[in-house]
Amino acid sequence: MSKPVTIDIEGVQKIYTSGREAVIALENIDLQIDPGEFLAVVGPSGCGKSTLLLLIAGLLEPTAGALTIDGSVVKGPFTKAGIVFQRDVLLEWRTVRKNVLLPAQIKDLNRKQQEERAEALLSQVGLDGFEDRYPHELSGGMRQRVSLVRALVQDPPLLLLDEPFGALDALTRDQMCIDLSRLVERGTQTTLFITHSIDEAVFLADRIAVFSPRPGRILELIDVELPRPRKLSIQTQPVFQEYVQRIRAIFAEQGILQED
Amino acid sequence: MAVSPQEATARSRSRLPVLDGDFFRARSQEIITASVIIGLILAWEVLVRLLEIPQYLLPGPLAITQRIISDFDMLLPHMWVTTYEVLIGLGVSIAIGIPLAIGIVYSSLFERVAYTIIVASQTIPKVALAPIIVIWFGYELQSKVVVAFLISFFPIVINTVVGMKSLEREMLYLARSLGASELQIFLSFRLPKALPTIFGGLKVATTLAVIGAVVGEFIAANKGLGYVQLLANGNLDTVLNFATVALLSLIGIVLFAAVSILEQLVIRWEPSDSAT
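Residues numbered from 1 in each chain as written. Chains lettered and ligands numbered in written order. Predicted model: local features only at pLDDT ≥ 70, side-chain atom pairs only at ≥ 80, totals over all residues.

Engineer: Would you take a moment to explain the overall build of chain B for this structure?
Structural biologist: The helix and strand inventory of chain B stands at 11 helices and 0 strands. Seen in sequence order, chain B has helices and strands lined up from the N terminus as α-α-α-α-α-α-α-α-α-α-α. Classification of the 276 residues of chain B by burial places 32% in the buried group. (Helix = DSSP H or I, 4+ residues; strand = E, 2+ residues; numbered from the N terminus. Buried ≥ 20, exposed ≤ 12 C-beta atoms within 10 Å, placed from the backbone.)

In structure tokens, the structure reads:
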């Protein structure tokens, strides 16, 4: 079992420069993510929330500020994280099984143990019997499930999800939400979940960071105190709706949601 | 849960083309293609006979076939020579083109310098360069190989570059976050991702290499099908002329088919296109 990580972000700023133009993607982000916590980031598109994820992953460098994982400064890719993007980026030339075992191969991990874990996770998301299929033989939802299993197979202490359900239809998305909440409920990893769907965020998260439009700032941090395990039916309950309304109100205040 | 039975059957069906309606549709296309080709050849033969076209203008397919058979012992060595030139030219194209493309993908300075020169060089009609190449490389094998190389290496370079650059940014992120080395990224991500595109370039290059070899033979040679064709022209032997054209296209078809078969053996993860 991995030990979930603590993430500390202090005064982080990210500026993209291309040629003479400079775009401020993130401004003065202060955030602490507790070990085992599921933090969702909601915000309008282009608000820099994906940038935050890439910074934590060590795939981008902050322009200013400090970013530490378990007390050590992030320098270069944080190789213990499992990442899922909106695009499933499966390797078309590998079967489902070999896609899932990609981390094991690159990191030279214990093959047998990884294979057992892969099989268990695949069957948990309803993909048993598909191990020897190629990605082009799967539907979009199935592909994204493979991508999720690939991220989880190394039992990562940090799970980074960048709008993972953004390209899926509504029904598949609901199913994926249920699958994901089951997979992460054991609390063996710290999870950062980027989304533009308020419902997804409230359904999945322990805490929600609401982002402003660019340059991205944290407008509010909201604790979601809904009991777990959560079922889809919770979405129709007043407590759930209260959270949704509260976040909508923040966006309305910002002029992101306008009714007339 | 998650995966519905319909979804599962739909997917598994596409895996077994033999049981699929598409299979027969694909076959019927092949039958139509073959019939049209046979029909055209028959029409050619019938017209030549009906209109009593003299052989020195346009021989019929039957006469051409007969000539290939009767002169086979003479033609075969020349055919081997041309094939040999094509294969070596193609081999040199691959041996130089792919490393060049890798250099272009990995170094932006190299890309700016080499890519510009390569693209600019494509505006020079290479057929017009052939006489100069003969002066430089002599009358033997080398000059034909060089012409075949010059004509065929461009699509290999371009397609390899395009294929390797098609790696998605997220895929690169994934590789980096797994701690993959540059070599691992190349071998496990970039190269397999580029293979279908590289094979596309290889197919184009194959047909171009045949042209290159024959052009080289036209300029100066004492063997090869291009040389035989020049001789036939000098004697106004139109039947022999057509016979060499038929054999040249046979070389092209066989090499193209060989590349396609190799492609299907290497790339098993994608439903192959029907361009073969």
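Engineer: What is the right way to read the nonpolar core from this model?
Structural biologist: What tends to happen in soluble globular proteins is that the nonpolar side chains get buried as a cluster. In this structure, A:V149, A:L160 and A:L192 are the most contacted members of the largest nonpolar core, which totals 80 residues. By residue number, the principal contributor to this core is helix 5 (residues 140-152) of chain A, which donates 6 residues. Once residues lying within four places of it in the same chain are set aside, the contact partners of A:L160 are A:L53, A:I56, A:A57, A:A81, A:I83 and A:L192. Counting residues in hydrophobic clusters, the runner-up holds 45 residues, among them B:V134, B:I156, B:A209 and B:L248. (Core = buried A, V, L, I, M, F, W, Y, C linked by C-beta atoms within 7 Å. Contact = placed C-beta atoms within 7 Å.)

Engineer: Before we go on, may I ask you to explain the packing of helix 4 (residues 72-106) of chain B against helix 5 (residues 108-121) of chain B in this structure?
Structural biologist: Think of two packed helices as two axes; the pair is described by the angle between the axes and how far apart they sit. Residue and element names in this part refer to chain B. At a minimum axis separation of 6 Å, helix 4 and helix 5 run at an interaxial angle of 135°. Relative to helix 5, the element helix 4 lies oblique. Facing L100, G103 and I104 of helix 4, the residues of helix 5 in contact are F110, E111, A114 and Y115. Of the residues contributing to the contact of helix 4 with helix 5, the split by class is 5 nonpolar, 1 polar and 1 charged. (Axes fitted to C-alpha atoms, helices over the stretch in contact; angles between N-to-C directions. Parallel < 35°, antiparallel > 145°, perpendicular 65-115°, else oblique. Nonpolar A, V, L, I, M, F, W, Y, C, P; charged D, E, K, R; others polar.)

Engineer: Would you explain the interface of chain B and chain A in this entry?
Structural biologist: A common measure of how large an interface is: the accessible area buried when the components associate. Across the boundary between the two partners, chain B contributes 21 residues, which contact 27 residues of chain A. When residues of the side of chain B that touches chain A are traced back to their parent elements, those giving at least two are helix 1 (5-15), helix 8 (169-177) and helix 9 (182-219) of chain B. For the side of chain B that touches chain A, a count of residues per class yields 10 nonpolar, 4 polar and 7 charged.

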